[in-house]
Amino acid sequence: MSTTTSTADLGLAETTLLRFATAGSVDDGKSTLVGRLLHDSKSVLTDQLEAVERASASRGQDAPDLALLTDGLRAEREQGITIDVAYRYFATPKRRFILADTPGHVQYTRNMVTGASTAELTVVLVDARNGVVEQTRRHAAIAALLRVPHVVLAVNKMDLAGYERAAFERIVADFTAQTAELGLPEVTAIPVSALVGDNVVDRSAHMDWYDGPALLEFLENVPVAADAADAPARFPVQYVIRHGAVRHCAGQLVSGSLRVGDRVTVHPSGETSEIAGIDVLGTEAEAAHAPQSFGIRLADQRDVSRGDMITAGPQAPVLTQNVTAAVCHLADRPLRVGDRVLLKHATRTVKAIVRDLGGAAGLTANDLGRITLRSAEPLPLDAYAVSRRTGAFILIDPADGATLTAGMVEFG
């Protein structure tokens, strides 16, 4: 694991948009870090800053409490903790960002899973005085479970640790030991002080022993989203549109590329055909790439409907009714062996039954575990490690439509 990374090593940003999530234990300073990031990158409107200044003054604080920029719920402000997932949108001249500010408390694990599920990078905060704690390990495990491509370890409150290099390196070594066991990708560690602003947007003058990038500098340049177009082509059908005798399969290409003339397979029927035409926003196109939405016209009049998946190339999904997955239970209602549920995978929803919960009697809210299901109809699945879109699903309560569980498909 590298504790320092030069800007030259980062390369050029490969996309104009980065989705990232933050995670940290209670009082690690996560909300302050996010507030500092927004404030120092000049992404805060004047009226927002004035509201924070007034609220801070009413509390007797001399300086604006930047954590108030992110803790939007009244309960969050009153308790000083993050409860809900808050999405923040901001931009710099180099890149646009969607930030999922997720809760750190164990009882809101499901919220973190929700926020990090679409993230390409996760920032895990650690208090420099306390080091790696149990919740830090839990956040690392969730990042590994969700296959988040990049992880930043932000060692916060370095000002309260005297800006000591030894304190930073002890935490990095401890976190490294944990992530190695989990199989996480290489972690970039950055020493920061969110309260003062060290290494958040601007590099710190207090830590000349650290020659890596500030947090925003890393976020602006880290390569992301390069694999979606290179992955096997997966096109879940959302709707079939008829124009006279011609039928167009409409949907979003979640991975890979498709071209006119490509041989494709329709799942679960297994029928094959050829792409005769691609319609993008009413215009004929020769090719389309993930994550574009468009219509496909097949050369043969195949029986295609919503919920089917069109694929191309030699790497076909696994067609199966037996589903094994890592899960996070989201609902307050427990999940038990024998429960009958609805399984929603891409655009297809089928009936299923819970066969096994990894030996557990049941799963309650925020539990992480493993599950085996039997679906009423075959599903075209990829391993979550291969595709975070076609390897994911949710379980739904058939009685009221409530979301019960989020699953990540495993094979073998």
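Looking at an unreviewed UniProt entry, the protein carries the name sulfate adenylyltransferase, with the source organism given as Streptomyces sp. 900105755.

(A) Region of interest: the sheet that holds strand E21 (residues 368-381). Reading around the barrel, the 6 strands line up as E16-E21-E19-E18-E22-E23 and close back on themselves, with antiparallel pairing between neighbours. This sheet shows a mean twist of 40° between the axes of neighbouring strands, independent of strand direction. Relative to E21, strand E16 (residues 318-329) runs antiparallel, the two sharing 10 bridges. Across the sheet, residue asparagine 322 finds its bridge partner in E21, namely arginine 374.

(B) A look at the packing of helix H6 (residues 134-145) against helix H7 (residues 165-182). One can describe the packing of H6 onto H7 by two numbers: an axis separation of 10 Å at closest approach and a directional angle of 35°. As for how H6 packs across H7, the hand of that crossing is right-handed. Here H6 contributes Thr136, Arg137, Ala140, Ala141 and Ala144 to the contact with H7, which in turn contributes Asp174, Phe175, Gln178 and Leu182. Per-class residue counts for the contact of H6 with H7 are 5 nonpolar, 2 polar and 2 charged.

(C) Main features of the sheet that holds strand E6 (residues 187-191). An order of E2-E3-E1-E4-E5-E6 is seen for the 6 strands of this open sheet, with the pairing classed as mixed. Unpaired on one side and paired on the other, strand E2 (86-91) and E6 mark the two borders of the sheet. Taking the axes of each pair of neighbouring strands and ignoring which way they run, one obtains an average angle of 25° across the sheet. In terms of strand pairing, strand E5 (residues 150-156) meets E6 through 5 bridges, oriented parallel. Across the sheet, residue leucine 153 finds its bridge partner in E6, namely alanine 189. Where helix H5 (residues 109-116) meets the sheet, it contacts strand E1 (17-24), E2, strand E3 (96-101) and strand E4 (121-127), and its direction lies at approximately 165° from that of E1.

(D) Spotlight on the pattern of salt bridges. Counted according to the given criterion, the structure contains 14 salt bridges. Lysine 157 is the salt-bridge partner of aspartate 127, the closest N and O atoms lying 3.5 Å from each other. Of this pair, aspartate 127 sits in strand E4 while lysine 157 sits in the loop between E5 and H7, placing them 30 residues apart in sequence. Judged by its relative accessible area of 1%, aspartate 127 falls in the buried class. Between arginine 234 and aspartate 382 there is a salt bridge; the shortest N-O distance is 2.8 Å.

(E) Focus on the nonpolar core. Core analysis: the biggest nonpolar cluster contains 63 residues, and Phe20, Leu37, Leu121, Val123 and Leu153 have the highest contact counts within it. Apart from the residues within four sequence positions on either side, leucine 121 is in contact with Leu18, Arg19, Phe20, Ala21, Val148, His150, Val152, Phe218, Leu219 and Val222.

(F) Layout of unusual backbone geometry. A cis amide bond, omega 10°, links histidine 267 with the succeeding residue proline 268. Checked against the element boundaries, proline 268 lands in the loop between strand E10 (263-267) and strand E11 (271-280). Proline 291 follows alanine 290 through a cis peptide bond whose omega is 10°. Assignment of secondary structure puts proline 291 in the loop between strand E13 (287-289) and strand E14 (293-298). Phi at tyrosine 163 is positive, roughly 55°, even though this residue is not glycine.

Cut-offs used in this document
Residues numbered from 1 in each chain as written. Predicted model: local features only at pLDDT ≥ 70, side-chain atom pairs only at ≥ 80, totals over all residues. Heavy atoms only, no water. Pairing = 2+ DSSP bridges. Helix = DSSP H or I, 4+ residues; strand = E, 2+ residues; numbered from the N terminus. Axes fitted to C-alpha atoms, helices over the stretch in contact; angles between N-to-C directions. Left-handed = near helix turned anticlockwise from the far one by under 90°. Contact = heavy atoms within 4.5 Å. Nonpolar A, V, L, I, M, F, W, Y, C, P; charged D, E, K, R; others polar. Salt bridge = Lys/Arg side-chain N within 4 Å of Asp/Glu carboxyl O. Buried < 20%, exposed > 50% of the residue type's maximum accessible area, 1.4 Å probe, protein only. Core = buried A, V, L, I, M, F, W, Y, C linked by side-chain atoms within 4.5 Å.

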